[in-house]
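# Coordinate inspection notes
Here is how the chains run, residue by residue.
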Amino acid sequence: MKTRKLSRCQQELLDLLGETYCVKRIDGANCIYRDFGDHDVEICGGRTIRAPFHIFVWQKEPHLKIVERFMDLPHDCKQVAVLLQQIAQRYDA
């Protein structure tokens, strides 16, 4: 599903990830997002082909905190998708 809220590079990743991910505005920027119930995943960056992706896994309860972070990932949508599959295996209820 195409959305004008993401850059072309970010949209390519969202299309690859499928319907379990969506666009959510976080800290003033449009990010790729997935809710796992007790945890959620935020993928930001990657607006251009040279810009790296950053992934944050948040624990929601008892208070919001980052439990995993992956910074400055190469702009390789397939590689990022594989990492997100591994994250989903750990946190998907």
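Summary of the structure given here. Since we're looking at a predicted model, the values are computed, not measured.

Another point: helix α1 (residues 8-17). For α1, the full list of buried residues reads C9, Q10, Q11, L13, L14 and L17. On its buried face, α1 is in contact with β1 (22-26), β2 (29-35), β3 (39-45), β4 (53-59) and α2 (77-91). Following α1 by one or two positions, G18 has its phi on the positive side, about 95°.

The subject of this paragraph is the nonpolar core. L13, I32, V41, I43, I55, L84 and I87 are the most contacted members of the largest nonpolar core, which totals 21 residues. The element that contributes the greatest number of residues to this core is α2, accounting for eight residues. Ignoring any residue separated from it by four or fewer positions in sequence, one finds L13 in contact with I32, I43, F53, C77 and V80. I26, Y33, C44 and F56 belong to the second largest nonpolar core, which has five residues in total.

With that out of the way, let us pick up α2. The end-to-end C-alpha separation of α2 is 21 Å, in line with the 21 Å expected for 15 residues at 1.5 Å each. Along α2, the residues classified as buried are C77, V80, A81, L83, L84, I87, A88 and Y91. All buried residues of α2 fall inside an arc of 160° around its axis, so they share one side. Along α2, the residues that are exposed and aim more than 90 degrees away from the buried face are K78, Q85 and Q89. Where α2 is buried, its residues touch α1, β2, β3, β4 and β5 (65-73). N-cap assignment for α2: the residue whose side-chain oxygen lies 3.2 Å from the backbone N of K78 is D76.

Criteria and cut-off values
- Residues numbered from 1 in each chain as written.
- Predicted model: local features only at pLDDT ≥ 70, side-chain atom pairs only at ≥ 80, totals over all residues.
- Heavy atoms only, no water.
- Buried < 20%, exposed > 50% of the residue type's maximum accessible area, 1.4 Å probe, protein only.
- Helix = DSSP H or I, 4+ residues; strand = E, 2+ residues; numbered from the N terminus.
- Contact = heavy atoms within 4.5 Å.
- Core = buried A, V, L, I, M, F, W, Y, C linked by side-chain atoms within 4.5 Å.
- Expected span 1.5 Å × (residues − 1).
- Arc of directions from axis to C-beta.
- Polar contact = N/O pair within 3.5 Å; in protein donor to acceptor, adjacent residues only side chain to side chain.

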